[in-house]
Amino acid sequence: MAASGAVEPGPPGAAVAPSPALAPPPAPDHLFRPISAEDEEQQPTEIESLCMNCYCNGMTRLLLTKIPFFREIIVSSFSCEHCGWNNTEIQSAGRVQDQGVRYTLTVRAPEDMNREVVKTDSATTRIPELDFEIPAFSQKGALTTVEGLITRAISGLEQDQPARRANKDATAERIDEFIVKLKELKQVASPFTLIIDDPSGNSFVENPHAPQKDDSLVITHYNRTQHQKEMLGLQEEAPAEKPEEEDLRNEVLQFNTNCPECNAPAQTNMKLVQIPHFKEVIIMATNCENCGHRTNEVKSGGAVEPLGTRITLHITDPSDMTRDLLKSETCSVEIPELEFELGMAVLGGKFTTLEGLLKDIRELVTKNPFTLGDSSNPCQKERLQEFSQKMDQIIEGNMKAHFIMDDPAGNSYLQNVYAPEDDPEMKVERYKRTFDQNEELGLNDMKTEGYEAGLASQR
């Protein structure tokens, strides 16, 4: 049974916050004197304060003392001569300790009931034999005895019993039965265990045999959990927050430019896209509101690869037309069955499907102004018509063909619909670039190591 209601009789105490400045100015070495009833010089400081029961002025007494084999505490006691109400509590005069502490006392004899106990606000009290617990922060701190702890719990449980009995509350009878069990503990008819667990480390249970070991008392120090640190208000210093890096994957950037057709002001949209099983690319699209011209372009988001890439796809099914395709500016395209080859930089960079690229190629070839008109060669027109028909057959899936992408920079991509397994209709080859290919990419004259020394000599 939890004793969250185990509070002192009457309203909370009216003891004001203790302040050493209000005490008489003793010598610094004797600010905290050892607690002793025979010490006549140790006198409490008296402060007139308001009683929260009758709202008349009462008296608060503060005593700064030291418990042997423990540490300094502040004992405050309030009493009101008008209504007779009084209240006593303690506060630790030290800091929160580096570790929490758990006292496990086995009460075997009536003498153990007289052991002094310091219980702070943050301490949890348990008696496992009765499944009884007083949670942390449900009571004020107290300087008492083991018997006093039990008496205080009994008083708290009895506080609202008259109202429960008047309302015929079913819990009133169970609480009465439990109070009887607590009163039996005070007789020590049989041994029981008292556990005081304080994360602040400022609670204390007396060892009457000190400095010798007490066989009935086990003291355990432990490291506080994160929850206990938060409960005590101890927050670790948060690490310095690093400035968040902008995530451009979920953002479309815009910048001003001019239309390549009419030179009117226009806006270009740019977005960073991650292609699965490949790399990041930058897609740029321009839409001119003046003339309606539209254009799109794809740039590689990474560096030039160490090896070139040659991708060969055997087109056998119409579903191949839906494969995603990235053609960089450095990629050339070849279709052997049509004796067709598209050089580097033609059509620019594109992120589309295989069908979209084949249609762009057909449009590029068949709508060339130098091959049309009255002055065009009839044989050439016939070859272009045949090329267009075969291209339509490939797009419709009526003709099997090989589609080859050769990119010395290694920045082109064709979707593998079986990923991450190998595609039986697609072959990807990595090869070492030739000198001419490196020259065309501008890599032969690119110095990536030791260039700082060259810059320094130029200065």
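Quantities reported herein were computed from a predicted structural model and do not represent experimental measurements.

Trainee: Which parts of the structure should I look at to understand the overall build of the protein?
Mentor: Tallying secondary structure elements over the protein gives eight helices and 25 strands in all. Burial statistics for the protein: of 459 residues in total, 35% are counted as buried. If you take every contact in the protein between residues at least 6 apart in sequence, the share linking residues at least 24 apart comes to 64%. Put simply, the protein shows about 27,600 Å² of open surface, and 49% of that area lies on carbon and sulfur atoms.

Trainee: Even after reading the chapter, I still don't get the sheet that holds strand E24 (residues 413-414), so can you show me in this structure?
Mentor: Pairing between the strands of a sheet is mediated by backbone hydrogen bonds and can be parallel or antiparallel. Read from one edge to the other, the open sheet built from three strands follows the order E22-E19-E24, with strand pairing classed as antiparallel. Looking along the sheet, the strands with just one partner apiece sit at the ends: strand E22 (350-353) and E24. In terms of strand pairing, strand E19 (residues 324-327) meets E22 through four bridges, oriented antiparallel. Note on E22: the bridge partner recorded for Asp324 is Thr353. Sheet strands in contact with helix H5 (residues 354-366) are E19 and E22, and its direction is about 110° off that of E22.

Trainee: Just checking my understanding: could you explain the packing of H5 against helix H6 (residues 378-396) for this structure?
Mentor: Relative placement of two packed helices is described by the angle separating their axes and the distance separating the axes. Direction vectors running N to C along H5 and H6 enclose 170°, while the axes themselves pass 10 Å from each other. Considered as vectors, H5 and H6 are oriented roughly antiparallel to each other. For the pair H5 and H6, contact is made by Glu355, Leu358, Lys359, Ile361, Arg362, Val365 and Thr366 and by Leu384, Phe387, Ser388, Met391, Asp392, Ile394 and Ile395, respectively. For the contact of H5 with H6, a count of residues per class yields eight nonpolar, two polar and four charged.

Trainee: Looking at this structure, I do not really get the pairing of strand E15 (residues 265-274). What am I missing?
Mentor: Within a regular beta strand, the side chains point alternately toward one face of the sheet and then the other, so they alternate between its two faces. Relative to E15, strand E14 (residues 252-258) runs antiparallel, the two being bridged by seven bridges. Residue pairing across strands places Leu253 opposite Met270, the latter belonging to E15. Linking E14 to E15, which pair antiparallel, is a turn of six residues; within it Asn263 sits at a positive phi near 65°. Pairing geometry for E15 and strand E16 (residues 280-287), over eight bridges, is antiparallel. Within the sheet, the bridge partner assigned to Leu272 lies in E16 and is Ile282.

Trainee: Teacher, can you tell me more about H6 here?
Mentor: An α-helix turns once per 3.6 residues; consequently, residues spaced three or four apart project the same way. Taking 1.5 Å of rise per residue, the 19 residues of H6 would be expected to cover 27 Å, and the 27 Å separating its terminal C-alpha atoms lies within 8% of that figure. Among all positions of H6, only Leu384, Phe387, Ser388, Met391, Ile394 and Ile395 are buried. An end-on view of H6 places all buried positions within 120° of arc, on one side of the element. Exposed and facing more than 90 degrees away from the buried side of H6 are Pro378, Glu382, Gln389 and Glu396.

Trainee: Looking at this model, I keep getting lost on the side chain of Asp320. Mind explaining?
Mentor: Inspection of the secondary structure assignment puts Asp320 in the loop between strand E18 (308-315) and E19. At a separation of 3.1 Å, a polar atom in the side chain of Asp320 contacts the main-chain amide nitrogen of Thr316. Apart from residues lying up to four places away in sequence, Asp320 is in contact with His314, Ile315 and Leu354.

Trainee: Could you clarify how one ought to interpret the sheet that holds strand E10 (residues 142-145) in this entry?
Mentor: Taken in spatial order, the three strands line up as E10-E7-E12 in an open sheet, and their pairing is antiparallel. Each of the sheet's edge strands pairs with one partner strand only, and the pair in question is E10 and strand E12 (204-205).

Trainee: I would appreciate a short explanation of a negative patch on the surface in the present structure.
Mentor: Together, Asp436, Glu439, Glu440 and Asp445 make up a region of like negative charge exposed at the surface. Within the secondary structure layout, Asp436 lies in helix H7 (residues 435-441). Among the residues examined, Asp436 registers a relative accessible area of 60% and is labelled exposed.

Trainee: I would appreciate a short explanation of the packing of helix H1 (residues 146-158) against helix H3 (residues 170-185) in the present structure.
Mentor: Packing of H1 against H3 brings their axes to within 10 Å, and their N-to-C directions diverge by 165°. As the angle between them shows, H1 and H3 are arranged roughly antiparallel. Remark: the crossing between H1 and H3 carries left-handed chirality. Here Ile150, Ile154, Leu157 and Glu158 of H1 lie close against H3, whose contacting residues are Ile175, Phe178, Ile179, Leu182, Lys183 and Leu185. Residue composition of the contact of H1 with H3, by class: eight nonpolar, no polar and two charged.

Thresholds, definitions, all that
Residues numbered from 1 in each chain as written. Predicted model: local features only at pLDDT ≥ 70, side-chain atom pairs only at ≥ 80, totals over all residues. Heavy atoms only, no water. Helix = DSSP H or I, 4+ residues; strand = E, 2+ residues; numbered from the N terminus. Buried < 20%, exposed > 50% of the residue type's maximum accessible area, 1.4 Å probe, protein only. Contact = heavy atoms within 4.5 Å. Areas by Shrake-Rupley, 256 points an atom, 1.4 Å probe, with all protein chains shown as cover. Pairing = 2+ DSSP bridges. Axes fitted to C-alpha atoms, helices over the stretch in contact; angles between N-to-C directions. Parallel < 35°, antiparallel > 145°, perpendicular 65-115°, else oblique. Nonpolar A, V, L, I, M, F, W, Y, C, P; charged D, E, K, R; others polar. Expected span 1.5 Å × (residues − 1). Arc of directions from axis to C-beta. Polar contact = N/O pair within 3.5 Å; in protein donor to acceptor, adjacent residues only side chain to side chain. Patch = residues over 30% accessible without salt bridge, like charges linked within 9 Å, V, L, I, M, F, W, Y side chains within 5 Å. Salt bridge = Lys/Arg side-chain N within 4 Å of Asp/Glu carboxyl O. Lys, Arg positive; Asp, Glu negative; His and termini not counted. Charge placed at Lys NZ, Arg CZ, Asp CG, Glu CD. Left-handed = near helix turned anticlockwise from the far one by under 90°.

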